Amino acid sequence: MIEKALVGSRRYWGWVALLLVLMGIGFLFYLRQLSYGLGITGMSRDVSWGLYIAQFTFLVGVAASAVMLVLPYYLHNYKVFGRITILGEFLAVASVLMCLTFIIVDLGRPDRAFNVLLYPSPNSILFWDMIVLNGYLFLNILVGWTVLGAERKGVKPPKWVKPFIYISIPWAISIHTVTAFIYAGLPGRSFWLTAIMAPRFLSSAFASGPALLILACFILRKFTRFDPGREAIQTLAKIVTYAMAISIFFVLMELFTAFYSKVPEHVYHFKYLFVGLDGHTTLVPWWWAFMVLSVLSLILLFNPKTRNNDAILGVACAAVFISLWIEKGLGLVVTGFIPNPLDRVFEYSPTWPEVLITLGVWSMGFLVMTILYKVAVSVKEEGAGEAAH
Amino acid sequence: MMESSRRNFLKIAGLSVLGIGSGAVVGSRARGASKAFSPNPEALTAKRWAMVVDLRAGCPDGCKECIEVCHRIHNVPKIDNPKEEVKWIWTDFYEHAFPGMESRYTEEFVEEALQGSPVILLCNHCDNPPCVRVCPTKATFRRKDGIVMMDYHRCIGCRFCMAGCPFGARSLNWTDPRRYLKPEEVTPDYPTRTRGVVEKCNFCAERLAVGKIPACVEICRKVAEKAGTEPVLHFGDVEDADSEVREMIRAHHTIRRKSHLGTMPQVYYIL
């Protein structure tokens, strides 16, 4: 089936070429990082995780695009999602690949990455994250490719694939839960030490993944003969709506606990986000952008008139995606380190090499997504063509 | 367990290299090699190493010399950029050493008790160390005698331990630390590190192994003796009821940094 990705329009090849160029630039800067060290980034001994781990954290969420389709389709026989379930699974493949790449890119000694396998340490959450992420990648490639292959031949998917489909549903929950546990179990980081960390991860994941999927569906509908179907998109939009609402609700819960209890180590981090701390305000504009965009998206999503308008729905989904990128990506990871354990403020902002490496990894993810979507859409166009004859 | 497997590896590696020679040579060499790994009879041992920092004593030179010596003998690079700094032992003011314990009205007491000098800080060698718990490769581990150690050859530089440590005691080598070490100043007794690995205070495990107390404690005694004051740092086996540190903990009210987090730090402060 992969041969379908080797034929395409000029526009397709132009897009692929652009991604390859961005990947190349990112790779060159990564080589510099390898020879110079992580000092090439804006991270420091005080803010020791930055953009890379933030992308990883956010993209684990985007990978939830799959389960929000697989669950209604396979568990509740919601046929409307039949046409796009494969898109959710392939988006998950691309997202998890990016997650794994961001972890490797973030390592001080990537040449020793296999030490995680050589000295398995079940007490470390990172060990479990490695298992769940690789497992989820495997499940989505296996299920997506097998079901698509069957569709191409015009036969039912083989029976053996069913158990893998059912396993993939709780498995999706596990990737968010385990990733949340990386943060939620650290004694000295009060910003992360919250029992609703995993629920927060799940709710924002169920918003950001499907939001990107809706945007992808719009793009496919515009540039290919594939039509995901209006009802499918509208159902997805409702999933995004409620997941986003719950996600924002959870953030408000955190704010209440911090600001009503007034426990300093809980207040400081949020204070840093809202107004800055000791005159340090790098993240303040970002945090306000998150709040404005999230409120805007909720207004547009809850109102049926705006939600039913595809153009406005597109804007709302972009707002959801960007606002959650700020909240899960920048806000959650970086703010956990500010102030530091000694109650001092050291800020973080990424360097250009760091940004370009990040862009390179995203391009890699989009390339994988493009290739997989090209295959999926070609198969579906073929099927539609044959049915018409 | 890890140490013994490394020993076995060295034994096997040694044997296979020597195996090229005659059998007699192999036998004698292998016996010699295993002897080299028996513990030094002079080594200082304890059930639970701990430190008591008597802040009442006040260091005459503001802890400068002890920091200097520690960093020199452990080949810790001197990096001026605070973002990339590597610190094994350092000082900070009371309100940063014990955040949340300061108040407007206790300021005067702190001022008088500490005579304006900041608090000396280092790895707490916690009994319940979060850094060890989160490490995905066991590159950081807790010894039976309580010392929390680093294996620089196993660390993958994921920095989970830095997020896990509530005391800011861990540093990553953001770039090649050897660039900051002058060749003539490098101590051959202790390894230098590569870029991309985490490091921290090891309670001078390499000195304890040859019968010497930690360098900071040794220099602190000398500085105090010269100035005619009492030393700030005290080190010993806290499990031994007759030890000096146990005696001090018995006689005085001690505080530990962020003890409410349950990591059970083993550096005790007397104010």
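Sequence positions are assigned chain by chain, starting from 1 and proceeding in written order. Lettering of chains starts at A and numbering of ligands starts at 1, both following the order in which they are written. In view of the model being predicted, local features appear only for residues whose pLDDT reaches at least 70, and side-chain atom pairs are presented and counted only at 80 or more, with totals across whole chains, interfaces and linings using the full set of residues. Neither water nor hydrogens contribute to the side-chain values; these are computed over all heavy atoms in the structure.

A few points about the domain arrangement of chain A
All names here are of chain A. Put simply, the rule reads: Domain limits in this description derive from either an automatic procedure or a database domain assignment. Buried area is a sum: the accessible area each of two parts loses on coming together, probed at 1.4 Å, counted once for each and added. Salt bridge, as used here, is a side-chain nitrogen of Lys or Arg placed within 4 Å of a carboxyl oxygen of Asp or Glu. Each polar contact in these results corresponds to two N or O atoms within 3.5 Å; when the atoms are within protein, one needs to be able to donate a hydrogen and the other to accept it, and residues that are neighboring in sequence are counted only if both atoms are side-chain atoms. Counting from the N terminus, the helices are the DSSP runs of H or I reaching at least four residues and the strands are the DSSP runs of E reaching at least two. In this classification, Asp, Glu, Lys and Arg are treated as charged, Ala, Val, Leu, Ile, Met, Phe, Trp, Tyr, Cys and Pro as nonpolar, and every other residue, Gly included, as polar.
Domain boundaries in chain A define domain 1 (1–7 + 50–184 + 359–384) and domain 2 (189–200 + 230–350). Look at where the C-alpha atoms of domain 1 and domain 2 centre, and you get two points 24 Å apart. Summing the contributions of domain 1 and of domain 2, the shared interface buries around 1700 Å²; its carbon and sulfur component is 81%. For the domain 1 face of the interface with domain 2, the top three residues by lost area are Leu51, Phe58 and Tyr183, together amounting to 33%. Linking domain 1 with domain 2 are zero salt bridges. Applying the counting criterion to the domain 1 and domain 2 interface returns four residue pairs in polar contact (both at pLDDT 80 or more). Mapped onto the side of domain 1 that touches domain 2, the elements with two or more residues apiece are α2 (51–62), α3 (67–75) and α7 (161–184). It is α2 that provides the largest number of residues to the side of domain 1 that touches domain 2, a total of seven residues. Taken together, the residues that form the side of domain 1 that touches domain 2 break down as 16 nonpolar, four polar and no charged.

Considerations on α2 of chain A
For clarity, the cut-off: For a helix, the expected span equals 1.5 Å multiplied by the residue count minus one. Exposed residues in this analysis have more than 50% of their type's maximum accessible area, buried residues have under 20%, and partly exposed residues fall in between, with area computed by a 1.4 Å probe over protein chains only.
For α2 of chain A, built from twelve residues, the straight-helix expectation of 16 Å at 1.5 Å per residue is met to within 8% by its first-to-last C-alpha distance of 16 Å. Burial of α2 of chain A is extensive: twelve of the twelve residues sit out of reach of the surface.

Remarks on the packing of helix α9 (residues 230–261) of chain A against helix α13 (residues 310–335) of chain A
All names here are of chain A. What counts here: Each axis is a line fitted through C-alpha atoms, and for a helix only the stretch in contact is used; angles between axes span 0 to 180 degrees, taken between their N-to-C directions. Take the far helix as your reference; a near helix turned counterclockwise from it by less than a right angle gives a left-handed crossing, and one turned clockwise gives a right-handed crossing. We call two residues contacting when some pair of their heavy atoms lies within 4.5 Å.
Put simply, α9 and α13 touch, their axes get as near as 11 Å, and they point 35° apart. Every pair of crossing elements has a handedness; the one defined by α9 and α13 is left-handed. Seen from α9, the contacting residues are Arg230, Ile233, Gln234, Ala237, Val240, Met244, Ser247 and Val251; seen from α13, they are Asp310, Leu313, Val320, Ser323, Leu324 and Glu327. Here the contact of α9 with α13 is built from residues that sort into eight nonpolar, three polar and three charged.

Re a nonpolar patch on the surface
To keep things clear, this is the line we draw: Distance thresholds for patches are 9 Å for like charges and 5 Å for nonpolar side chains (Val, Leu, Ile, Met, Phe, Trp, Tyr), applied to residues having over 30% relative accessible area and no salt bridge. Areas reported as accessible are Shrake-Rupley estimates using a 1.4 Å probe. Residue values count occlusion only from the protein chains shown.
The grouping of Phe27, Leu28, Leu31 and Leu34 of chain A at the surface amounts to a nonpolar patch, some 380 Å² of accessible area in total. Tracing the sequence through the fold places Leu28 of chain A in helix α1 (residues 10–36).

Things to note about the side chain of Arg109 of chain A
The topology assignment puts Arg109 of chain A in the loop between α4 (85–106) and α5 (115–118). Among the residues examined, Arg109 of chain A registers a relative accessible area of 16% and is labelled buried. Polar side-chain contacts of Arg109 of chain A include one of 2.7 Å to the side chain of Thr194 of chain B. With near-sequence residues (within four places) excluded, Arg109 of chain A lies in contact with Cys155, Ile156, Gly157, Thr194, Arg195, Gly196 and Val197 of chain B.

Looking at the environment of Lys87 of chain B
Positionally, Lys87 of chain B belongs in the loop between α3 (64–73) and β2 (89–92). Distance from Lys87 of chain B to Trp49 of chain B, taken between C-alpha atoms, is 21 Å for residues 38 residues apart in sequence. Beyond its immediate chain neighbours, meaning those up to four positions away, Lys87 of chain B contacts Arg45 of chain A together with His71, Ala169 and Ser171 of chain B.

As for the interface of chain B and chain A
Taken together, the contact pairs 52 residues of chain B with 41 residues of chain A. Around 3800 Å² of area is buried between chain B and chain A when both sides are counted, 52% of it from carbon and sulfur atoms. When the buried surface of chain B facing chain A is broken down by residue, Ile156, Phe160 and Trp174 of chain B rank first, second and third, together holding 18% of it. Put simply, chain B and chain A have two salt bridges between them. Close ionic contact of Arg344 of chain A with Asp92 of chain B constitutes a salt bridge, the shortest N to O distance being 2.6 Å. Applying the counting rule to chain B against chain A returns 32 residue pairs in polar contact (both at pLDDT 80 or more). Among the secondary structure elements, those contributing two or more residues to the side of chain B that touches chain A are β2, α6 (130–134), α7 (160–164) and β6 (171–172) of chain B. The class makeup of the residues in the side of chain B that touches chain A is 25 nonpolar, twelve polar and 15 charged.

What to know about the pattern of salt bridges
Side chains that differ in sign of charge can pair as their charged atoms come close. Residues and elements named next belong to chain A. If you walk through the whole model with that rule in mind, you get 23 salt bridges over all chains. When the shortest N-O distance is used, the salt bridge between Arg200 and Glu254 registers 3.0 Å. Remark: Glu254 occurs in helix α9 and Arg200 occurs in helix α8 (residues 197–223); sequence separation between them is 54 residues. Across the pair, Glu254 and Arg200 agree in class, each one buried.

Some remarks on the environment of Leu277 of chain A
Residues and elements named next belong to chain A. Mapped onto the secondary structure, Leu277 falls in the loop between α10 (264–274) and α11 (284–302). Taking relative accessible area as the criterion, Leu277 reaches 6% and is therefore assigned buried. Separated by 67 residues in the primary sequence, Leu277 and Arg344 place their C-alpha atoms 9.6 Å from one another. The residues contacting Leu277, other than those within four sequence positions of it, are Tyr268, Lys271, Tyr272, Pro339 and Val345.

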